[in-house]
Amino acid sequence: DESPEAQAEFDKWDKIVSEHPEHIAQLAEEEAAFESKQNPINRAAHKLTCGFVPADIKKCSKADLVDRGLTQDLTKRLFERKSLWLVRMEANVIAKIHIADLRS
């Protein structure tokens, strides 16, 4: 059991540590290192995905995609996983999408 006094003491020290300039700088450094490491990986994945998601995916039917040479399996996956369409959308459009829209 935690006493209210112990929780208050913990919260006080947690706030002191989390607001300390060195801690803030360390977190910023870790985030920058993560971004630096992930950026080329993410760019490569984006480029690969754009290679099989047509730019006009929102206007295409399954038959259109098959006619363009996409396999039945890929076409099915593109319509089952509409989250893949995000690579072809602008950030301001993505910001307005509800998760339910990606599941249908």
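The preceding data block contains the structure.
K.L.:
I tried to follow the overall build of the protein on my own but got confused; where do I start?
P.N.:
Each helix and strand in the protein was counted, giving 6 helices and 0 strands. Counting helices and strands in the order they occur from the N terminus, the protein gives α-α-α-α-α-α. Relative to a compact globule of 104 residues, whose C-alpha radius of gyration would be 13 Å, the protein shows 23 Å and is clearly more extended. Seen through its C-alpha atoms, the protein measures out along the principal axes to roughly 70 × 35 × 25 Å. Residue burial in the protein is summarised as follows: out of 104 residues, 14% are buried.

K.L.:
I tried to follow the packing of aromatic side chains on my own but got confused; where do I start?
P.N.:
Pairs of aromatic rings are described using the distance from one ring centre to the other and the angle between the two planes. Applying the stated criterion across every chain yields a total of 1 aromatic pair. The interplanar angle of 90 degrees and the centroid separation of 5.7 Å between the aromatic rings of phenylalanine 79 and tryptophan 85 together place this pair among those described as edge-to-face. Tryptophan 85 carries the same exposure label as phenylalanine 79, and that label is buried.

K.L.:
Is there a simple way to think about the nonpolar core in this case?
P.N.:
Burial of nonpolar side chains together is a common tendency in soluble globular proteins. In terms of nonpolar packing, the biggest core is built from 9 residues, these being Val53, Ile57, Cys60, Leu65, Leu70, Leu78, Phe79, Trp85 and Met89. Not counting chain neighbours up to four residues away, the residues in contact with valine 53 comprise Leu78, Leu84, Trp85, Val87 and Arg88.

K.L.:
Can you help me understand the pattern of salt bridges in this one?
P.N.:
Between side chains of opposite charge, a pair can form as their charged atoms come close. Per the stated rule, a full pass over the model turns up 3 salt bridges. For the salt bridge of lysine 12 with glutamate 9, the shortest nitrogen-to-oxygen distance reads 3.7 Å. On the criterion of helical spacing, the pair formed by lysine 12 and glutamate 9 is a turn pair, its members being 3 residues apart in helix α1 (residues 4–18). Judged by its relative accessible area of 40%, lysine 12 falls in the partly exposed class. Look at glutamate 9 and you get partly exposed, because its relative accessible area is 40%. Across the salt bridge formed by aspartate 56 and arginine 68, the nearest N and O atoms sit 2.7 Å from each other. With aspartate 56 in the loop between α2 (21–50) and α3 (62–67) and arginine 68 in the loop between α3 and α4 (72–80), the pair connects residues that are 12 residues apart, well separated along the chain. For arginine 68, a relative accessible area of 46% puts it in the partly exposed group.

Calculation notes
Here, residues in each chain are numbered from 1, in the same order as that chain's written sequence. In keeping with the model being predicted, local features are shown solely for residues with a pLDDT of at least 70 and side-chain atom pairs are shown and tallied solely at 80 or more, while totals for entire chains, interfaces and linings include all residues. Here the side-chain values reflect all heavy atoms present in the structure, with hydrogen atoms and water set aside. Strands here are runs of E lasting at least two residues and helices are runs of H or I lasting at least four, both read from the DSSP assignment and numbered beginning at the N terminus. Our radius of gyration looks at C-alpha atoms and nothing else; its globule reference is 2.2 Å times the residue count to the power 0.38. To sort residues, take the accessible area from a 1.4 Å probe on protein chains only and compare it with the maximum for the residue type: under 20% means buried, over 50% means exposed, and anything in between is partly exposed. Aromatic rings from Phe, Tyr and Trp, taking only the six-membered ring of Trp, are treated as a pair when their centres fall within 6.5 Å; an angle between ring planes under 30 degrees marks them as stacked, one over 60 as edge-to-face, and anything in between as tilted. Take the buried residues of types Ala, Val, Leu, Ile, Met, Phe, Trp, Tyr and Cys, join any two whose side-chain atoms come within 4.5 Å, and each joined set is a nonpolar core. Contacts are assigned to residue pairs that have any heavy atoms within 4.5 Å of one another. Basic side-chain nitrogens of Lys or Arg form a salt bridge, by our definition, when they fall within 4 Å of a carboxyl oxygen of Asp or Glu.

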